[in-house]
Amino acid sequence: MRLILTTLLCFILAACGPSTDSTEQKVNELLSQIKDNPKDPTLHYELGRAYIEEKKYHSALKSLVEAIELKKDYGEAYREKGIALFYLKKYFDAEKALNKSFELNPTDANIATDLGSIFIATGNVKKSMRFLKIAQTRNSNMHVVFNNMGAAHAKIGQNKQAISYWKKALEHHPLMTEVFINMGVVYERMGKNKKAMASYQKALAQDNNFPMVHYNLGVIHAKNNDIKKAIESWENARKLDPKDDKTLMSLGWAYEKSGKKELALDEILKSIKLEPFNYESHYAAGRIQSDLGQFEEAVESLKKSINLEPEFGDAYYRLGVVHDNLNEGIEAISNFLIAEIIYHKKKKMDLFKKMGTSMVALFEKYQLSRKDFTELQLPDTLKGYDLHKKARRIRTSKEK
């Protein structure tokens, strides 16, 4: 199983309403007022903002949609609708809402900042920078603008420029957790693990409740081969966000490295429930099930991996091993032969040679030969592939 790399950069919104100490009371008061005045768009708008403060984004979205239905040109409601959609990770819908808000209120610097954030999320870095430069000229929430400018530059690999913008953000807001997280991500990308770890530790000193910081620290510990500390960090991340499949997969990897295969399998199966289309997760489950002697379960997991990635040689190899353990010779050799072709096609020649050596014993064990597999069922992408065809060599004009 491959170690999953450091998680994503943080980019944030500027147009969030100020928090209060009595948001729940505010919501109840607004609901009461709406009963008396159900056609008042301002009440629905204020209710949507209050729900955003409570992080109840689905409820917020519903209230803001009602506000807009009652007042079609309600720019502020479109803005808050975009914020709710952003936190629901519906980035393209958030972009539409914020674009409408910007159209209605083109002088609002916060909307320009937020559009910059949205375009980072949707991968349009050029547009992101255009709106962030507009926000920068308006001198509003500059710590957010500089953070997001850094994230935009980091997205296109301009790491030094990104670090420069984040240092500017810290000049405006020295205790900004998201900036320390982002600096950690980019320092790690640059191979500066000590600086990355220092940045993450500064982030945790500000707010110990960021699961991605604990996750990223775990990645650095794992790269340093300190599996015990990696597990500790990832367990902290899991406590904060038990439904992050990357954290669960990484814990599975670390537990397996520590020889705790039952624990590893448990975490990986949890990650599969959350993200069922990751072929490597199914492969990891199948491999560990095989090691634990759970051969029938292993066959099922490995076949799921292959269905998701038909040219995954390791899954075919492991499936061959499982069938051999079940004394199913034809199935064992068939999967080894497919793995052999995949390794050859992908130019993994050490593994290709290993397969040839492994099959000598299998052919002898089951009294079979390559001639018995002329009708081997191959994935469509492997049909017609010739193991013995040599690559054409192009000679230069100086060669005879």
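Basis of the calculations
- Residues numbered from 1 in each chain as written.
- Predicted model: local features only at pLDDT ≥ 70, side-chain atom pairs only at ≥ 80, totals over all residues.
- Heavy atoms only, no water.
- Helix = DSSP H or I, 4+ residues; strand = E, 2+ residues; numbered from the N terminus.
- Rg over C-alpha atoms; globule rule 2.2 N^0.38 Å.
- Contact = heavy atoms within 4.5 Å.
- Areas by Shrake-Rupley, 256 points an atom, 1.4 Å probe, with all protein chains shown as cover.
- Lys, Arg positive; Asp, Glu negative; His and termini not counted.
- Charge placed at Lys NZ, Arg CZ, Asp CG, Glu CD.
- Axes fitted to C-alpha atoms, helices over the stretch in contact; angles between N-to-C directions.
- Parallel < 35°, antiparallel > 145°, perpendicular 65-115°, else oblique.
- Left-handed = near helix turned anticlockwise from the far one by under 90°.
- Nonpolar A, V, L, I, M, F, W, Y, C, P; charged D, E, K, R; others polar.
- Buried < 20%, exposed > 50% of the residue type's maximum accessible area, 1.4 Å probe, protein only.
- Patch = residues over 30% accessible without salt bridge, like charges linked within 9 Å, V, L, I, M, F, W, Y side chains within 5 Å.
- Salt bridge = Lys/Arg side-chain N within 4 Å of Asp/Glu carboxyl O.
- Expected span 1.5 Å × (residues − 1).
- Phe/Tyr/Trp six-rings, centres within 6.5 Å; stacked < 30°, edge-to-face > 60°.
- Lys NZ or Arg CZ within 6 Å of the ring centre and 35° of its normal.

Description of the overall build of the protein chain
Helix and strand content of the protein chain: 20 helices and 0 strands. For the protein chain, the C-alpha radius of gyration of 27 Å lies well beyond 21 Å, the compact-globule estimate for 400 residues. Dimensions along the principal axes, computed over C-alpha positions, put the protein chain at roughly 85 × 60 × 40 Å. Taking contacts inside the protein chain between residues at least 6 apart in sequence as the whole, the part at least 24 apart equals 54%. Split by element, the accessible area of the protein chain, about 21,400 Å² in all, is 49% carbon and sulfur. A distance of 9 Å separates the average location of the 63 positive side-chain charges in the protein chain from that of its 52 negative side-chain charges.

Considerations on the packing of helix H17 (residues 295-308) against helix H18 (residues 313-325)
One can describe the packing of H17 onto H18 by two numbers: an axis separation of 10 Å at closest approach and a directional angle of 155 degrees. Between H17 and H18, the interaxial angle falls into the category roughly antiparallel. Here H17 and H18 pass one another in a crossing that is left-handed. In this structure, H17 uses Phe295, Ala298, Val299, Leu302, Lys303, Ser305 and Ile306 to contact H18, whose residues at the interface are Ala315, Tyr316, Arg318, Leu319, Val322, His323 and Asn325. Taken together, the residues of the contact of H17 with H18 break down into 9 nonpolar, 3 polar and 2 charged.

Comments concerning the packing of helix H6 (residues 109-121) against helix H8 (residues 142-155)
The geometry of H6 relative to H8 is characterised by a closest axis approach of 10 Å and an angle of 25 degrees between their N-to-C directions. Relative to H8, the element H6 is oriented roughly parallel. The handedness of the crossing between H6 and H8 comes out as left-handed. On H8, the residues that touch Thr113, Ser117 and Ile120 of H6 are Val144, Val145, Asn148, Ala151, Ala152 and Lys155. Residues belonging to the contact of H6 with H8 are distributed by class as follows: 5 nonpolar, 3 polar and 1 charged.

Describing unusual backbone geometry
One non-glycine residue with positive phi stands out, namely Lys89, at about 65 degrees. Its place among the elements puts Lys89 in the loop between helix H4 (75-87) and helix H5 (91-104). With a relative accessible area of 64%, Lys89 lands in the exposed category. Backbone geometry places Gln367, a non-glycine residue, at a positive phi of 55 degrees. Given a relative accessible area of 68%, Gln367 falls into the exposed group.

Quick notes on a positive patch on the surface
Taken together, the side chains of Lys160, Lys167, Lys192 and Lys195 define a basic patch exposed on the protein surface. Looking at the secondary structure, you find Lys167 in helix H9 (residues 159-172). We classify Lys167 as partly exposed; its relative accessible area is 47%.

As for the side chain of Asp108
Note that Asp108 resides in the loop between H5 and H6. Other than its neighbours up to four places away in sequence, Asp108 contacts Arg79, Phe102 and Arg138.

A word on H5
Its 14 residues place the ends of H5 20 Å apart at the C-alpha level, agreeing with the 20 Å of an ideal helix rising 1.5 Å per residue. Taken together, the buried positions of H5 are occupied by Ala94, Glu95, Ala97, Leu98, Ser101 and Phe102. Those residues of H5 hidden inside the fold are in contact with H4, H6 and helix H7 (125-137).

Quick look at the pattern of salt bridges
In this structure the tally under the stated criterion is 20 salt bridges. A salt bridge links Glu267 to Arg238; the nearest nitrogen and oxygen atoms lie 2.5 Å apart. Within this pair, whereas Glu267 is found in helix H15 (residues 261-274), its partner Arg238 is found in helix H13 (residues 227-240), the two being separated by 29 residues in sequence. In this structure Glu267 comes out as buried when scored by relative accessible area, which is 2%. On the accessibility criterion, Arg238 (22% relative accessible area) is partly exposed. In this structure, Glu300 and Lys304 form a salt bridge, with 3.5 Å as the shortest nitrogen-oxygen distance. Linking Glu300 with Lys304, this pair stays in helix H17, spanning 4 residues, or about one helical turn.

Here's the deal with the side chain of Glu340
Mapping Glu340 onto the fold places it in helix H19 (residues 329-345). Residue Glu340 is classed as buried on the basis of its relative accessible area, which comes to 4%.

Some details on the packing of aromatic side chains
Overall, the coordinates contain 13 aromatic pairs when judged by the stated rule. With 6.2 Å between their ring centres and 35 degrees between their planes, Tyr215 and Trp234 make a pair best called tilted. Of this pair, Tyr215 sits in helix H12 (residues 211-223) while Trp234 is found in helix H13, placing the two residues 19 residues apart along the sequence. For the pair formed by Tyr215 and Trp234, the shared burial category is buried. With a centroid separation of 5.0 Å and an interplanar angle of 65 degrees, the aromatic rings of Tyr283 and Phe312 are classed as edge-to-face. Placement of Tyr283 in helix H16 (residues 279-291) and of Phe312 in the loop between H17 and H18 is noted, with a sequence separation of 29 residues between them. Note on accessibility: Tyr283 and Phe312 belong to one class, buried. Feature note: the residues Tyr57, Phe86, Tyr87 and Tyr91 constitute an aromatic cluster, connected by ring pairs. The residue whose ring lies beneath Lys71 is Tyr74, and the NZ or CZ to ring-centre distance is 4.5 Å.

Things to note about the environment of Lys243
Structurally, the position occupied by Lys243 is in the loop between H13 and helix H14 (245-257). On the basis of relative accessible area, Lys243 is assigned to the exposed category, the value being 65%. For the pair formed by Lys243 and Lys273, sequence separation is 30 residues and the distance between their alpha carbons is 9.6 Å.

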